[in-house]
There are 2 protein chains.
Amino acid sequence: MRFESLIEDYNEALTHTGVNGERLARRLYELSKIGLTKDGGSNRISFTKEEQEAKNLAKVWMQEAGLTVKEDGAGNVIGRLEGASSKAVVMSGSHLDSVPNGGHFDGPLGVLAAIEVAQAWKDTDFVPEKSYEVVVFSDEEGARFNSGLTGSQALAGTFDPSEKKKLTDSDGKSFEDVMKENGLSLSSLQSAARDFSDVDAFVEVHIEQGKKLEKENLPVGVVQGIAGPSWLDVTFTGAAGHAGNTPMDDRADALVAAGLLIAEIEKLPSQFSSSAVATVGKLNVTPNGVNVIPGEVQMSVDVRDIHEDKRNALKEAIIAKACEIAEERSIKVETKETLSVPPINVTEKMQQKAAAAVRKVVNREPYFLPSGAGHDAMMIGKKTPIAMLFTRSRDGISHNPAEWSSLNDCVHTVHALKHLLEDLCAE
Amino acid sequence: MRFESLIEDYNEALTHTGVNGERLARRLYELSKIGLTKDGGSNRISFTKEEQEAKNLAKVWMQEAGLTVKEDGAGNVIGRLEGASSKAVVMSGSHLDSVPNGGHFDGPLGVLAAIEVAQAWKDTDFVPEKSYEVVVFSDEEGARFNSGLTGSQALAGTFDPSEKKKLTDSDGKSFEDVMKENGLSLSSLQSAARDFSDVDAFVEVHIEQGKKLEKENLPVGVVQGIAGPSWLDVTFTGAAGHAGNTPMDDRADALVAAGLLIAEIEKLPSQFSSSAVATVGKLNVTPNGVNVIPGEVQMSVDVRDIHEDKRNALKEAIIAKACEIAEERSIKVETKETLSVPPINVTEKMQQKAAAAVRKVVNREPYFLPSGAGHDAMMIGKKTPIAMLFTRSRDGISHNPAEWSSLNDCVHTVHALKHLLEDLCAE
């Protein structure tokens, strides 16, 4: 990432009320150099020296912004500003780890936006009523252990040591050994659980990772909820046979059954919810030979919605369709749910507060959109009301070196975050 | 294979006019012991000592039947009986190699039936007008080099040394080195090309490898033609994307396109020919991740019919459907034909001769059926008129230890073959 490309189209008029676009760009650029790949992407895998180096930079910037910094037993970095008059706390943050050869905005923008608000307050001599905490969550992406949200799970007290204990990275190193290398342990992770009784709200800024805001021509949008995935494993078992010798009307072709189900799955989500999606991402054929009728097909279905009841109804409809297709064709079908994460609701009140903040920044009616992907806010949302602001992503690309949000869009989002936090801190 | 299970239901009345069911059973059993697998299957891979051992046994039986035996430059074993008065030749035979862990009838039955007719003639002091040749073709299955019909290609003079030269077996041994181990060479294979000007006909007995005769409750049927496969490679290229963040109406899902095509392909063959079939046997998804919209799907389509024009029309219809689906969805599609083997016609005259022979053995109107799989007769059919007789297969199973044809059905087929050969040799 070139610093020049970050600031070349920047509208200087957006630098006001303490928020400084050039500073934000400089910090995005500084972070981008840690773990930079030959494709220009980011390789800041969790629990490596690159993630630690990025967290160390964040600590420096937190201190510059007047925050008191500590690192908890999960490796989360927490910077705190004491409120003027209230014991209550409002939090904001995101993560600094990336997927392998990922982008430079997914995570860092949320961390830097939260720090930028503290810096703006300091530079304009503003002290909020409530205390303010900025959090850098460790291991959100989960690229190293194929499991993520470690830091936010630990902070929310939903961390499951027995699950993490089973994990090994691609070098065969266990989760516990890697924790040890980082001066952490399963018990330190458990001790990171925060008492949320004094926390009034958590706000996360994140890039959209989709194209809705781009289509709406809007820099920033209000998240309605975070869809929780339900994963199904569907296995059709028919009968393998010779592709030449088996007449069409005497087949039990598992792949034809799968093909019909795939075609049906595409049509179902809109019947349940405008925000629901369903995806067959993985499909394996056995024996997978050119001249052999497929005897078995195993496929995955990823079903999501921000409304849990609608998501579950959609999932049941997919299972029913699979059974119907199998029955018509004398094929066996087995379905198994392998993952079920409840969606996280953003309350109407929090959505309206976020919308009010966005309205002050963008001269248009705020746009509401679901988050299909999971975020740290999902874990924190189990403990306290959350809000999320999405920043427009160019071409909807993420987890890729081409991931990009314009500096203008990023600064618009910081202004909206600042309005929202001032509102939440003032109550 | 137990000898007892072969003969337990045998109807002794079928042993007459020189044809001996117990002898046939004994020989099927002797062959089954060569390369017997722990599952009770056959592992007689081409160009191994097992295939050679089986061919050596066949040579002994040919000599017992009064044939003069030679092995040609392709490893084909040819036993010849001089005709009484004509210079013309009629041939019959099949192969003795198997697929890994295959069955005991696919190949051996055709070889032993052809020998049994010669033995019956000898035992009844019959000498046909024309000369008679029994052929054991080498490497029909092609399991070793993923390419087959080597012996019949060589005999028919359609052997392509440049193609075979590229092949290696699973141990990395080249085709040429394996030939050398067998005392053969690319040039000896080429020299095996026979002059077919004196050959009037070739007849192959084979198990059906399908369930049609079983459904018709008939021991033996008349083959109408051998379907030639056309193989298509179809690649859909859409756009990979996050399964959670990409709305259903903003996707270019390559697997949905593939699913729709698979569902359509099943419906198409019957629109072109009652004997046509089309199979998607192989399908690979990229990146094949549970939460990623498939960006690319590569699939194979195996299209067959005994009528070349109808097969090609079906193939074109599949390509057109693939393009139509792709166009509707802003997905790219590429199709490539990777194999095209012309179907082999069995002339009306040869079908009627075979039917007349079957009519003498089975007290019912003969049943005509296509061969979906390739056989040595396919290659020989390029040089001389062919006929094929199919023997009923239990449950249509083949290429499997469970492959089975009852001895009664096998002997019925030998009688039909004998009638047919006597007809063809008398002309």
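Up top is the structure these notes are about.
Report on the accompanying structure.

Cut-off values and rules
- Residues numbered from 1 in each chain as written.
- Chains lettered and ligands numbered in written order.
- Predicted model: local features only at pLDDT ≥ 70, side-chain atom pairs only at ≥ 80, totals over all residues.
- Heavy atoms only, no water.
- Helix = DSSP H or I, 4+ residues; strand = E, 2+ residues; numbered from the N terminus.
- Rg over C-alpha atoms; globule rule 2.2 N^0.38 Å.
- Buried < 20%, exposed > 50% of the residue type's maximum accessible area, 1.4 Å probe, protein only.
- Contact = heavy atoms within 4.5 Å.
- Areas by Shrake-Rupley, 256 points an atom, 1.4 Å probe, with all protein chains shown as cover.
- Salt bridge = Lys/Arg side-chain N within 4 Å of Asp/Glu carboxyl O.
- Least-squares fit on C-alpha atoms with pLDDT ≥ 70 in both.
- Phe/Tyr/Trp six-rings, centres within 6.5 Å; stacked < 30°, edge-to-face > 60°.
- Lys NZ or Arg CZ within 6 Å of the ring centre and 35° of its normal.
- Expected span 1.5 Å × (residues − 1).

### Things to note about the overall build of chain A
Scanning chain A for helices and strands turns up 14 helices and 16 strands. Here the C-alpha atoms of chain A give a radius of gyration of 24 Å, agreeing with the 22 Å that 2.2 N^0.38 yields for 427 residues. Per-residue burial for chain A yields a buried fraction of 59% across its 427 residues. Looking at chain A alone, contacts between residues at least 24 apart form 78% of all its contacts between residues at least 6 apart. Of the roughly 16100 Å² of accessible surface on chain A, a fraction of 46% belongs to carbon and sulfur atoms.

### Re the pattern of salt bridges
This model, assessed by the stated rule, comprises 56 salt bridges over all chains. One salt bridge in this structure joins Glu-133 of chain A and Arg-194 of chain A, with 2.7 Å as the shortest N-O distance. Here Arg-194 of chain A lies in the loop between α8 (186-191) and β5 (199-207) and Glu-133 of chain A lies in strand β4 (residues 131-137), a separation of 61 residues in the sequence. Across the salt bridge formed by Asp-250 of chain A and Lys-215 of chain B, the nearest N and O atoms sit 3.3 Å from each other. Remark: Lys-215 of chain B occurs in helix α9 (residues 212-216) and Asp-250 of chain A occurs in the loop between β8 (241-242) and α10 (254-267); the pair is interchain, linking two chains. A relative accessible area of 56% means that Lys-215 of chain B is categorised as exposed. Taken together, the shared-partner salt bridges in this structure form one network comprising Arg-80, Glu-82, Glu-133, Arg-194 and Asp-198 of chain A.

### A word on the relation of the copies chain B and chain A
When chain B is brought onto chain A, the operation consists of a screw motion whose angular component is 180° and whose axial shift is 0.2 Å, with 0.2 Å RMSD remaining. What we have between these two chains is a two-fold relation. Among all C-alpha atoms of chain B, that of Gly-259 of chain B lies closest to the rotation axis, at 1.9 Å.

### A closer look at the packing of aromatic side chains
Residue and element names in this part refer to chain A. As enumerated under the stated definition, the model contains 14 aromatic pairs over all chains in all. When the centroid spacing of 5.1 Å and the interplanar angle of 70° are considered together, the rings of Phe-145 and Phe-175 count as edge-to-face. Of the two residues, Phe-145 is situated in the loop between β4 and α5 (150-156) and Phe-175 in helix α7 (residues 175-181); the sequence distance between them amounts to 30 residues. Like Phe-175, Phe-145 is buried. Aromatic ring contacts, followed pair by pair, group Phe-47, Phe-145 and Phe-175 into a single cluster. In this structure, Arg-26 is placed above the aromatic ring of Phe-3, and the distance from its NZ or CZ to the ring centre is 3.9 Å.

### Comments concerning helix α12 (residues 348-361) of chain A
Residues and elements named next belong to chain A. The end-to-end C-alpha separation of α12 is 20 Å, in line with the 20 Å expected for 14 residues at 1.5 Å each. All of the buried residues along α12 are Met-350, Gln-351, Lys-353, Ala-354, Ala-355, Ala-357 and Val-358. Those residues of α12 that are buried lie in contact with β5, β6 (220-226), β15 (368-371), β16 (386-391) and α14 (407-426).

By themselves, these figures tell us nothing about what the structure is for.
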